[in-house]
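Here is how the chains run, residue by residue.
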Amino acid sequence: MNKPAAGAAHAREESESAFDFDPDVYRTLLESTLAIPWRIDWATMTFAYIGPQIEPLLGWPQDSWKTVDDWAARIHEEDRQRVVDFCVSQSMAGVDHEADYRALTRDNGYVWIRDVVHVVRDEKGEVESLVGFMFDITERKKSEQELLDMQRRLEALSFEDGLTGAANRRLFDRQLKTEWKAACRYGTTLSAILIDLDHFKQFNDRYGHIAGDECLIRVAAALGKAGRRPRDVIARFGGEEFVILLPETDAEAALYLAERCREVIGELQIPHESSPCGSMVTASIGVGTTTPTIEASAREFLTGVDRLLYAAKQAGRDRIVSDTI
């Protein structure tokens, strides 16, 4: 009954003996990996060892890594303070950790490094040394950045009108809510301009939808050049309608911009021979200004601006109607 157990014990002893390598074998294994092994003596803050792989990767000779100051000095200045503070605090607390940073190369370039750190304690539980591996994660970081850039592009596209390149209704609605809350908080004014191209159905019927699309593209570009500040939003509201959101803008300034919008549309000189308003594309415009309160709503405000646009149409089109709401 005891023979199998004795055999297992013998096999275990042979296995343990097989892995009882001398230091040279361990070093050969470490130095044959792509990861860069290192060891720092905690008391002196000096490198007891760093793998020779460091020189092909960063260009710095193996024997130039003497103290932690050499390590810190070779971290990109934008990452240095954050990484040094984090690694020092974690090491002092005796916590294993890892950090990603840009390591400077000898030829003034940089490589993305992931440093994985293990804290070694002595018999008293005091920190004795730090051991770890440096991994080259440059390609991984490039992939992560490409994914991040793609996400940003997709997000931008999700807020962009596919035809004109102006903001879409989704972005406008989001910004309207944001600016409404800000205006309520600070007691500032908010204005909006609704622009509708006159008799656009007749334009499409006469010139075709391709020409209609080109007209909308040109109008959107012209409105974008009419004058805007960073927080202003110019969006396609739907069909042949555009809307401009103007935070912290009083009625006089909003009316001035509306007049400028009407001018730039006229300056395009886009033929519209089927329009009762003239031979060129024109626009009817409603302009509303309010001082938002928590008792009112952004939707009510926008409805009021829409009524002003309707009034401009009822009055004969190709004109501006403005009011304080």
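Predicted model, so just to flag it, every value in this text is computed and none were measured. (Residues numbered from 1 in each chain as written. Predicted model: local features only at pLDDT ≥ 70, side-chain atom pairs only at ≥ 80, totals over all residues. Heavy atoms only, no water.)

(A) Quick peek at the overall build of the chain. When helices and strands are tallied, the chain shows 11 helices and 10 strands. Here the chain, with 325 residues, has 39% of them falling under the buried criterion. Put simply, 57% of the contacts in the chain that link residues at least 6 apart link residues at least 24 apart. With the model as given, the accessible surface of the chain reaches about 18900 Å², and the carbon-plus-sulfur share is 53%. (Helix = DSSP H or I, 4+ residues; strand = E, 2+ residues; numbered from the N terminus. Buried < 20%, exposed > 50% of the residue type's maximum accessible area, 1.4 Å probe, protein only. Contact = heavy atoms within 4.5 Å. Areas by Shrake-Rupley, 256 points an atom, 1.4 Å probe, with all protein chains shown as cover.)

(B) Structural view of the pairing of strand S10 (residues 320-324). Two strands pair when backbone bridges link them, and strand S9 (residues 283-290) and S10 are joined in this way by five bridges, in the parallel orientation. Among the inter-strand pairings, Thr-289 is bridged to a residue of S10, identified as Thr-324. As for the winding sense of the linkage, the β-α-β connection from S9 through helix H11 (residues 298-314) to S10 is left-handed. (Pairing = 2+ DSSP bridges. Right-handed = clockwise from strand over helix to strand, strands pointing away.)

(C) Representation of helix H5 (residues 77-92). When the terminal C-alpha atoms of H5 are compared, their 23 Å separation across 16 residues agrees well with the 22 Å that a helix rising 1.5 Å per residue should span. Within the span of H5, buried status applies to Asp-79, Val-83, Val-84, Cys-87 and Ser-91. Where H5 is buried, its residues touch helix H4 (68-73), strand S3 (97-104), strand S4 (110-121) and strand S5 (127-136). In the stretch just after H5, Gly-94 is the one whose phi turns positive, near 75°. (Expected span 1.5 Å × (residues − 1).)

(D) Spotlight on the environment of Val-131. Of note, Val-131 is situated in strand S5. Along the chain, Val-131 and Asp-96 lie 35 residues apart, while their C-alpha atoms are 9.8 Å from each other. Setting aside residues no more than four positions away along its own chain, Val-131 makes contact with Trp-38, Arg-39, Val-116, Val-117, His-118 and Val-120.

(E) Spotlight on the sheet that holds strand S1 (residues 36-41). Strand order across the open sheet formed by five strands is S2-S1-S5-S4-S3, with antiparallel pairing between neighbours. Taken across any chain shown, the strands that pair with only one partner, and hence form the sheet edges, are strand S2 (46-50) and S3. In this sheet, neighbouring strand axes are inclined to one another by 30° on average, regardless of whether the strands run parallel or antiparallel. Of the pairings in the sheet, the one linking S1 to S5 comprises six bridges and is antiparallel in character. When the sheet's bridge partners are listed, Ile-36 is paired in S5 with Met-134. Most of the contacts of H5 go to S3, to which it runs at about 150°, and overall it touches S3, S4 and S5. (Axes fitted to C-alpha atoms, helices over the stretch in contact; angles between N-to-C directions.)

(F) Looking closely at the packing of aromatic side chains. Throughout the structure, instances matching the rule amount to seven aromatic pairs. Between Phe-200 and Phe-203, the ring centres sit 5.4 Å apart and the planes meet at 5°, which makes this aromatic pair stacked. In this pair, Phe-200 and Phe-203 both sit in helix H8 (residues 200-207), three residues apart, roughly one turn of the helix. Of the two residues examined, Phe-200 and Phe-203, each falls in the buried class. By the ring-pair criterion, three or more aromatic residues cluster together here, those being Phe-200, Phe-203 and Tyr-207. The ring of Trp-65 carries Arg-74 above its face, with NZ or CZ at 4.7 Å from the centroid. (Phe/Tyr/Trp six-rings, centres within 6.5 Å; stacked < 30°, edge-to-face > 60°. Lys NZ or Arg CZ within 6 Å of the ring centre and 35° of its normal.)

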